[in-house]
Every structure is written in structure tokens, then in C-alpha cells.
Amino acid sequence: VRQLYGGFSFSHDKVKDAILSYMSKEDRYFYNEKLAKIYESMIPNNNAYLFNSTEYYLKSKNLEKSIESCFKAAKYAVQRAAFDAAIHYFKLTLLMVNSCSKLQLSVPVDVTKVKIAFGNVLMQATKNQEAFNIFQSLLNESTQLSVTVKLELKYKIGSIFFNKG
């Protein structure tokens with residue numbers, strides 16, 4: 001075990017797991033959020049730390065930061081053409097957004113933007129039916145979409161039909 005950025009680096013995951021098993025649940029939440037913040041501070045030097053930060057926020061109690069970080073990780077994964085990772089983080093983002101609604105908490109991201117970005121990555125990953133479902137539900141559910149966004153969604157739906165043959 002060596003000290004790193006005010007925390008600890010473990011030479012083996014089993015050592016870390018053993019130490020964490022002796023912590024209370026609240027202490028683990030605190031520890032995970034602290035690690036997430038450390039990784040978050042390292043992102044300007046290396047964007048790949050976004051994934052580490054996100055994973056630790058997901059293990060914390062900070063739902064707002066978890067949502068924000070998941071959405072950022074999803075967008076970064078798209079930039080890296082890591083579509084499976086992007087899909088994973090978009091799904092987690094939307095799942096947590098639904099939790100916010102049930103808990104009557106404010107949502108820290110624009111849900112329409114999340115869904116459009118998710119649909120786009122699904123199209124890139126040739127998961128056209130899932131993308132179609134997202135775009136169609138956006139058109140049906142959102143009455144506050146601008147004309148431009150509605151046209152964009154209709155274009156994407158048309159592209160999906162064209163690609164299906």
C-alpha cells in the first residue's frame with residue numbers, strides 16, 4: 001500500500017477489498033466519492049480518468065454527480081468509438097434520471113440531449129431498432145421540442161428505415 005493524492009493505492013484489489021469490507025456503508029460511500037473527486041481532478045491531464053471518476057461516483061451517494069459523470073463518460077466513449085461503453089453509460093444515465101423523477105430531485109442534464117445522443121450511438125453501433133424506439137418516443141412524448149429538433153428526429157427515423165432496406 002502506498003499513499004497517492006491524499007488517498008491510497010493498493011498493489012492488489014484483494015487488499016483494497018479486504019480493507020473496504022471493514023468500513024461501514026457510509027464510510028465506503030464517502031471513500032468512493034473522495035476517489036471520484038481525485039480522478040476528476042486528473043481529467044484535464046488525461047480524459048481517460050473520466051471513466052475512473054464515473055465508476056467511483058456510481059459507488060457513492062452523489063446521484064447528481066453520478067448522472068453528470070455518466071453522461072460525460074458516454075460522450076467521451078463515443079469520441080473514442082467505444083460504442084459498447086457509450087451505450088452502457090447512456091443506459092445508466094437514463095436509469096438514474098428516472099430515479100430522480102421518482103425521488104422528486106432535479107435532473108442535472110438535458111434528458112432530450114441524452115436521448116438524442118444515445119440514439120445516435122445506437123445507430124452507429126447498428127442497433128437501429130433501439131435507436132428508432134428512442135427517436136419515436138421523443139417525437140411522441142415531447143411537445144416542447146423545437147421544429148429543428150423534430151425535423152432532425154424525423155430525418156434519423158427515415159435514415160433508419162432506409163438502412164433497413
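Residues numbered from 1 in each chain as written. Predicted model: local features only at pLDDT ≥ 70, side-chain atom pairs only at ≥ 80, totals over all residues. Heavy atoms only, no water.

A. Summary view of the overall build of the protein chain. Of the regular secondary structure elements, the protein chain holds eight helices and two strands. Listed N to C, the secondary structure of the protein chain is β-β-α-α-α-α-α-α-α-α in terms of helices and strands. Projected onto its principal axes, the C-alpha coordinates of the protein chain cover approximately 55 × 35 × 25 Å. The buried share of the protein chain, reckoned over its 165 residues, is 36%. Of the roughly 10400 Å² of accessible surface on the protein chain, a fraction of 53% belongs to carbon and sulfur atoms. (Helix = DSSP H or I, 4+ residues; strand = E, 2+ residues; numbered from the N terminus. Buried < 20%, exposed > 50% of the residue type's maximum accessible area, 1.4 Å probe, protein only. Areas by Shrake-Rupley, 256 points an atom, 1.4 Å probe, with all protein chains shown as cover.)

B. Examining the nonpolar core more closely. Counting 35 residues, the largest nonpolar core has Phe 90, Phe 118 and Leu 153 as its most contacted members. Elements with a minimum of two residues in this core: helix H4 (63-79), helix H5 (83-103), helix H6 (111-124), helix H7 (128-141) and helix H8 (147-164). Ranked by residues supplied to this core, first place goes to H5 with eight residues. If sequence neighbours within four positions are ignored, Phe 90 has contacts with Phe 71, Ala 74, Lys 75, Val 78, Val 114, Ala 117, Phe 118 and Val 121. Grouped together as the second largest cluster of nonpolar side chains are nine residues, Ala 36, Met 42, Tyr 56 and Tyr 57 included. (Core = buried A, V, L, I, M, F, W, Y, C linked by side-chain atoms within 4.5 Å. Contact = heavy atoms within 4.5 Å.)

C. A look at the packing of aromatic side chains. The full count for this structure, using the stated rule, is seven aromatic pairs. A centroid spacing of 5.4 Å and a plane angle of 70 degrees characterise the contact between Phe 132 and Phe 161, whose relative ring orientation is edge-to-face. In this pair, Phe 132 sits in helix H7 while Phe 161 sits in helix H8, placing the two residues 29 residues apart along the sequence. Grouped by ring-pair contacts, the aromatic residues Tyr 39, Tyr 49 and Tyr 56 constitute a single cluster. One cation-aromatic arrangement involves Lys 75 over Phe 71; the distance from NZ or CZ to the ring centre is 4.5 Å. (Phe/Tyr/Trp six-rings, centres within 6.5 Å; stacked < 30°, edge-to-face > 60°. Lys NZ or Arg CZ within 6 Å of the ring centre and 35° of its normal.)

D. Highlighting H6. In this model H6 runs 20 Å from its N-terminal to its C-terminal C-alpha over 14 residues, within 8% of the 20 Å that 1.5 Å per residue would give. Burial in H6 covers these residues: Val 114, Ile 116, Ala 117, Phe 118, Gly 119, Val 121 and Leu 122. Looking at the buried positions of H6, the neighbouring elements they touch are H4, H5, H7 and H8. Structurally, the start of H6 carries an N-cap: the backbone nitrogen of Thr 112 is 3.0 Å from a side-chain oxygen of Asp 110. Where H6 ends, the next residue or the one after it, Thr 126, has phi of about 55 degrees, a positive value. (Expected span 1.5 Å × (residues − 1). Polar contact = N/O pair within 3.5 Å; in protein donor to acceptor, adjacent residues only side chain to side chain.)

E. Broad picture of the side chain of Ser 66. The topology assignment puts Ser 66 in helix H4. According to the relative accessible area criterion, Ser 66 is buried, its value standing at 3%. Not counting the four nearest positions on each side in its chain, Ser 66 is found in contact with Tyr 57, Leu 58, Ser 60 and Met 96.

F. Seen up close, the confidence of the model for the protein chain. Per-residue pLDDT for the protein chain averages 88, and the proportion of residues at 70 or more is 90%. Mean pLDDT across the secondary structure elements of the protein chain bottoms out at strand S1 (residues 2-4), with 44, and peaks at H4, with 96. Note that residues 1-6 has pLDDT below 50 and, in this model, 11 contacts with residues that lie over four places away or in other chains. (pLDDT = per-residue confidence, 0-100.)

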